[in-house]
Amino acid sequence: VEEQRARWERKRSRTAKELLETEYKYLEQLDLVLTFFVKILKAKGTLKPAVLETIFGPLEPIYLASHGLSLHLERGNLGLGLENFCPNLELYGHYVENLEEANKALKEQLRKNKSFRRFKKLQETRPQFHGRKLEDLLPLPLQRLHQYNHFVRDLLENTSPDSADHQKLAKAMKSVSEVSHWAQDIICKRENSLQLLRVQKLLKGQKTRVLTPGRWYIREGWLLVVPSKGGELKRRMFFLFSDIFIATKPCHPLHLLNSNKLACQAVYPLHQCTVDKVFGHTQSQGGLLSLSFPRKTLLLMSSDQQDINDWYQSLTAAVR
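Note that the structure is predicted; figures quoted are calculated from it, not measured. (Residues numbered from 1 in each chain as written. Predicted model: local features only at pLDDT ≥ 70, side-chain atom pairs only at ≥ 80, totals over all residues. Heavy atoms only, no water.)

Notes on the nonpolar core
Alright, step 1. Core analysis: the largest hydrophobic core is formed by 56 residues, its most contacted members being Phe 37, Leu 41, Ile 55, Phe 56, Leu 89, Tyr 92 and Tyr 148.
Alright, step 2. By residue number, the principal contributor to this core is helix H1 (residues 2-44), which donates 12 residues.
Alright, step 3. Setting aside anything within four residues of it in sequence, one finds Leu 89 in contact with Leu 145, Ser 175, Val 176 and Val 179.
Alright, step 4. Counting 20 residues, the second largest nonpolar core, distinct from the first, contains Leu 223, Ala 266, Phe 293 and Ala 318. (Core = buried A, V, L, I, M, F, W, Y, C linked by side-chain atoms within 4.5 Å. Buried < 20%, exposed > 50% of the residue type's maximum accessible area, 1.4 Å probe, protein only. Helix = DSSP H or I, 4+ residues; strand = E, 2+ residues; numbered from the N terminus. Contact = heavy atoms within 4.5 Å.)

Okay, structure coming up:
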């Protein structure tokens, strides 16, 4: 028991030291943005207050919360420090929610506002920035949120359950974990929207609506369609979403507008689909999948064993 306690204490001390050191570094980087951008821009009025708010969000209160945490960590008050810090985590969620708008507003100002463009370039040449751009510093709170998740988990795992700090750290872990999931959810939804938009732009014309609320992109790839009545195999590009499966073929390479686009051939709803492996259970070359819909059966083939297995798993999970 004594050995276990000593081991815990060593790991806990190491994590606490690393948390404090990285907190200092984080504060230093936030301070760069606040000192050389936010405060000066506010004083000069280069950006309208609403635009300033959109680009930098709640960066000031985030800095103050971190500063408060660092003071507790210096004194070794891990549990109390993190307990006091946790109510501020909501700021991180809102910050992540606003990141996309912040990037849009920043790009727009760089395009339209000449004095801001000059100011930004000048500030970034200062030695304190070490060649970093404002764009590199704005995602810092999101990155730090992920780090908090790991640090607090490590501290909790290496704190004796009967110590006074254990309960405080357990509460902190719950808060950090919840906000991390919230942030992760925002990022996943944003990435999914970008994937849907990308596929929509790949398709010729506007007949097939890919951008639909609640739809999730899963995967895409080339597969060979085996005709039911014999004949040659047709190579087609397929897109799998949470609710539909789209079959497409490339447009003519010499077409003036659509040479690099795909023509949609069919949209299959997944709620009426059953998926079977026809062969491909063995480690032979590739395999064949059968997709049965009420009025159509698709036979899809790949010469790559891993590829057909991945498609089978993705399709069965989506259908389920």
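Description of the packing of aromatic side chains
Alright, step 1. Enumeration over the complete set of coordinates arrives at 10 aromatic pairs.
Alright, step 2. Geometrically, the ring pair formed by Phe 37 and Phe 119 is edge-to-face, given 5.7 Å between the ring centres and 85° between the ring planes. With Phe 37 in helix H1 and Phe 119 in helix H6 (residues 114-124), this pair connects stretches of sequence that are 82 residues apart. Judged on exposure class, the residue Phe 37 and its partner Phe 119 are both buried.
Alright, step 3. Where Tyr 92 meets Tyr 148, the ring centres are 6.1 Å apart and the plane angle is 75°; that geometry is what we call edge-to-face. Of this pair, Tyr 92 sits in helix H5 (residues 89-112) while Tyr 148 sits in helix H8 (residues 140-157); the two residues are 56 residues apart in sequence, bridging distant segments of the chain.
Alright, step 4. The buried category is assigned to Tyr 92, whose relative accessible area is 1%.
Alright, step 5. With a relative accessible area of 1%, Tyr 148 lands in the buried category. (Phe/Tyr/Trp six-rings, centres within 6.5 Å; stacked < 30°, edge-to-face > 60°.)

Re H6
Alright, step 1. Along H6, the residues that are buried comprise Phe 116, Phe 119, Lys 120, Gln 123 and Glu 124. Taken end-on, H6 shows its buried residues confined to a sector of 125°, consistent with a single buried face. Those residues of H6 that are exposed and angled more than 90 degrees off the buried face are Lys 114, Arg 118, Lys 121 and Leu 122. (Arc of directions from axis to C-beta.)

Some thoughts on the layout of surface pockets
Alright, step 1. Its boundaries defined by the atoms lining it, the largest pocket holds a volume of some 310 Å³.
Alright, step 2. At the level of elements, strand S2 (234-241), strand S4 (262-269) and strand S7 (296-302) are the ones that each hand at least two residues to the lining of the largest pocket.
Alright, step 3. Looking at the lining of the largest pocket element by element, the count peaks at four residues for S7.
Alright, step 4. Split into classes, the residues belonging to the lining of the largest pocket amount to nine nonpolar, three polar and three charged. (1 Å grid on protein atoms, 1.4 Å probe; cavity = no way out; pocket = protein on both sides within 12 Å on 5 of 7 lines; lining within 4 Å. Points joined across faces, edges and corners; volume = space filled by probe spheres on them. Nonpolar A, V, L, I, M, F, W, Y, C, P; charged D, E, K, R; others polar.)

Points about the domain arrangement of the chain
Alright, step 1. Here the chain is described as being made up of domain 1 (1-195) and domain 2 (205-318).
Alright, step 2. Centre-to-centre separation of domain 1 and domain 2, based on C-alpha positions: 43 Å.
Alright, step 3. Summed over both sides, the interface of domain 1 with domain 2 buries roughly 390 Å², with 60% coming from carbon and sulfur.
Alright, step 4. At the junction of domain 1 and domain 2, the tally comes to zero salt bridges.
Alright, step 5. Taken together, the links from domain 1 to domain 2 amount to two residue pairs in polar contact (both at pLDDT 80 or more).
Alright, step 6. Across the side of domain 1 that touches domain 2, the residue classes break down as one nonpolar, three polar and one charged. (Domains from an automatic or database assignment. Buried area = accessible area lost by both parts, 1.4 Å probe. Salt bridge = Lys/Arg side-chain N within 4 Å of Asp/Glu carboxyl O. Polar contact = N/O pair within 3.5 Å; in protein donor to acceptor, adjacent residues only side chain to side chain.)

Quick word on the packing of H5 against H6
Alright, step 1. Contact pair H5 / H6: the axes reach a minimum separation of 6 Å and the direction vectors enclose 110°. When the axis of H5 is compared with that of H6, the two are roughly perpendicular. On the side of H5, the interface is formed by Leu 106, Gln 109, Leu 110, Arg 111 and Lys 112, while H6 contributes Lys 114, Phe 116, Arg 117 and Lys 120.
Alright, step 2. Residue composition of the contact of H5 with H6, grouped by class: three nonpolar, one polar and five charged. (Axes fitted to C-alpha atoms, helices over the stretch in contact; angles between N-to-C directions. Parallel < 35°, antiparallel > 145°, perpendicular 65-115°, else oblique.)

Describing unusual backbone geometry
Alright, step 1. Unlike most non-glycine residues, His 130 shows phi in positive territory, near 50°.
Alright, step 2. Turning to its location among the elements, His 130 is positioned in the loop between H6 and helix H7 (134-137).
Alright, step 3. With a relative accessible area of 68%, His 130 lands in the exposed category.

Some points on the environment of Thr 159
Alright, step 1. Secondary-structure assignment places Thr 159 in the loop between H8 and helix H9 (164-202).
Alright, step 2. On the basis of relative accessibility, which here comes to 3%, the residue Thr 159 falls in the buried class.
Alright, step 3. For the pair formed by Thr 159 and Glu 9, sequence separation is 150 residues and the distance between their alpha carbons is 7.3 Å.
Alright, step 4. Excluding residues within four positions of it along the chain, Thr 159 makes contact with Arg 12, Asp 165, His 166 and Leu 169.
Alright, step 5. At 2.6 Å, the side chain of Thr 159 forms a polar contact with the side chain of Arg 12.

Description of the UniProt feature "coiled-coil region" (unreviewed entry) in the chain
Alright, step 1. As annotated in UniProt, the feature "coiled-coil region" (unreviewed entry) corresponds to residues 89-116 in the numbering used here.
Alright, step 2. Structurally, residues 89-116 comprises 96% helix and 0% strand, and the distance from its first C-alpha atom to its last is 31 Å. (UniProt positions renumbered as here; feature names shortened; annotations may be inferred.)

Quick notes on the pattern of salt bridges
Alright, step 1. Within this structure, the stated rule accounts for 16 salt bridges.
Alright, step 2. Of the charged contacts, one joins Glu 100 and Arg 190 as a salt bridge, the two residues approaching to 3.2 Å between their closest N and O atoms. Pair noted here: Glu 100 is in helix H5 and Arg 190 is in helix H9, with a separation of 90 residues, a long-range link.
Alright, step 3. Residue Glu 100 is classed as partly exposed on the basis of its relative accessible area, which comes to 35%.

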